[in-house]
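Coordinate analysis (summary)
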Amino acid sequence: MTDVTPPPAPQATPAKRWAYVIPVAAIMYMLAYLDRNNVSVILPYMHGDLELSNADKGLVGGIFFVGYVFLQIPAAILAQRWSARKTVLILMVAWGLAASLSGLVQTKSQFYVARFVLGFFEGGVWPAVLILLASWFPLRERARANALWMACLPLSSVLMAPLSGWMLDHASWRWVLVLQGVPPLVWAVVWWFAVADRPAQARWISRAEADHLERSIAADEAAKPMAGSGSYLDAVKQKSVLVLIGVYFFWITGFYGFNLWLPSVIKELTHGGSPTEVGLLTAIPFTVALVVMIANAAWSDRTGRRRQAVAVPLVVGIAALLLGQAVDGALPRMLLLCVTAAALYAPYGPFWAIPGQLLRFEVVAVAMGLINALGNLGGFAGPYLVGWLTDVTGSSVTGFAVLAAFLAVAVALVALGLRPSTSTPPVRELAGHPPEGARAGTD
């Protein structure tokens, strides 16, 4: 479907947006990811507070993604029809307040509700930012733009896992949650003044640069085929969209199942290390993941091989996840944790470049919202499965084996469901250069 080699850009595209749009968006989402990731560091050190079993801890991590579903499509449509900048601003303020309030809970039921509400407000941010990036980066740059923005995911863990650990050594878990909800409220001010919905509205870009970008993006759109009548329903009924939902669900089940329980595994490797020690060691796998994620996206943009850039890392992740349960010794297991983390983060940029390659701007918003909404239900399934199976079997081995099986289904869907076809529009066509006498089609 996407395994073609794109040509070099016909002229140099202005580069200012890489320094303006990407960093502001990355820091914003890094703060969002902190509020879903900090709980993985906190849970091993709650010391009986709220009387949480392993299954309960899995539910705390997973119920966030039940709330996460609801605003995906509404926020994507708002971003596309109204303003991505304003949509994200409103959600940023709401999730910051919800994150701080989650530190005030007194029972596990209240903790579940607080995590659900946090997920509800954060849910619309991801598709809204993808719509924003689609207005700033032509298709030939989309995987790199996505990956550099999404680098905030491992970067958040690199920076914030040690910070959360250090804060736990000096304050209660409640204060950690309250204080870590404040930065999004501060960054909302930066977001409002630094971000524009499209190049023509930005103060820091010249008119020539803005015109060049908008011409490039318009050419991308003109080369894409219509999805039936062009309606949202026609777009989401396409086989490729349905397959992408399945791929994302099974991948994200393994992804978040691994992420939530990583600090607990590292605490076990350190034989009960302090929060600061566990936080610092937790940052190591995510540092490796950050480098591999960006490198894989750059390779994907250079070669156009989106499917391989998604499937091959997941195969490596399956092998590392299973080997990690079979080997002994802290160092080999730590190395395999690094490989697993890198493999699970690597597909992000290429994967999210695929919907924009297949669908026109007027329908891609709802398609990406649907993919993210249904796919992220895996964020509920993964953490809860590992916790429940750990309670039932007394070991995390079965849980991680199940996660490997979910990743294997994702690989199979990529290999069998996203096969290239003769009617698939290649990257050259999608960049606005259709061959003479040819008309691009869809999978």
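A brief structural summary. (Residues numbered from 1 in each chain as written. Predicted model: local features only at pLDDT ≥ 70, side-chain atom pairs only at ≥ 80, totals over all residues. Heavy atoms only, no water.)

**Quick word on helix 15 (residues 330-345)**
Over its 16 residues, helix 15 runs 23 Å from end to end, which matches the ideal 22 Å to within 8%, given 1.5 Å per residue. All of the buried residues in helix 15 are Arg 333, Met 334, Leu 336, Leu 337, Cys 338, Thr 340, Ala 341, Ala 342, Ala 343, Leu 344 and Tyr 345. (Helix = DSSP H or I, 4+ residues; strand = E, 2+ residues; numbered from the N terminus. Expected span 1.5 Å × (residues − 1). Buried < 20%, exposed > 50% of the residue type's maximum accessible area, 1.4 Å probe, protein only.)

**Focus: the packing of aromatic side chains**
With the rule as written, the count across this model stands at 30 aromatic pairs. Taking the centre distance of 5.9 Å and the plane angle of 65° together, the rings of Phe 70 and Phe 116 count as edge-to-face. With a gap of 46 residues between them, Phe 70 in the loop between helix 2 (54-68) and helix 3 (72-101) and Phe 116 in helix 4 (residues 108-122) connect regions that are remote in the sequence. The exposure class of Phe 70 is partly exposed, given its relative accessible area of 49%. (Phe/Tyr/Trp six-rings, centres within 6.5 Å; stacked < 30°, edge-to-face > 60°.)

**Some remarks on the packing of helix 1 (residues 16-42) against helix 9 (residues 183-194)**
Closest axis-to-axis distance for the helix 1/helix 9 pair is 10 Å, and the angle between their directions is 160°. The orientation of helix 1 relative to helix 9 falls into the category roughly antiparallel. Here helix 1 runs over helix 9; the crossing is left-handed. Two secondary-structure elements touch here, helix 1 through Val 24, Ala 25, Ile 27, Met 28, Leu 31 and Asp 35 and helix 9 through Pro 183, Pro 184, Trp 187, Trp 191 and Ala 194. Residue classes in the contact of helix 1 with helix 9 are distributed as ten nonpolar, no polar and one charged. (Axes fitted to C-alpha atoms, helices over the stretch in contact; angles between N-to-C directions. Parallel < 35°, antiparallel > 145°, perpendicular 65-115°, else oblique. Left-handed = near helix turned anticlockwise from the far one by under 90°. Contact = heavy atoms within 4.5 Å. Nonpolar A, V, L, I, M, F, W, Y, C, P; charged D, E, K, R; others polar.)

**Describing the packing of helix 2 against helix 4**
Close contact between helix 2 and helix 4 brings their axes to 6 Å; oriented N to C, the two are set at 35°. Crossing hand, helix 2 versus helix 4: right-handed. Taken together, the residues of helix 4 that come into contact with helix 2 (itself represented by Asp 56, Leu 59, Val 60, Gly 61, Ile 63, Phe 64, Val 66, Gly 67 and Tyr 68) are Lys 108, Phe 111, Tyr 112, Arg 115, Phe 116, Leu 118, Gly 119, Phe 120 and Glu 122. Across the contact of helix 2 with helix 4, the residue classes tally to eleven nonpolar, three polar and four charged.

**Brief notes about the nonpolar core**
Core analysis: the largest hydrophobic core is formed by 127 residues, its most contacted members being Trp 126, Trp 149 and Tyr 348. For this core, the element with the highest residue contribution is helix 12 (residues 239-269), accounting for 17 residues. Not counting residues up to four positions away in its chain, the partners in contact with Trp 149 are Ile 22, Ala 25, Ala 26, Tyr 29, Trp 126, Val 129, Leu 130 and Leu 133. (Core = buried A, V, L, I, M, F, W, Y, C linked by side-chain atoms within 4.5 Å.)

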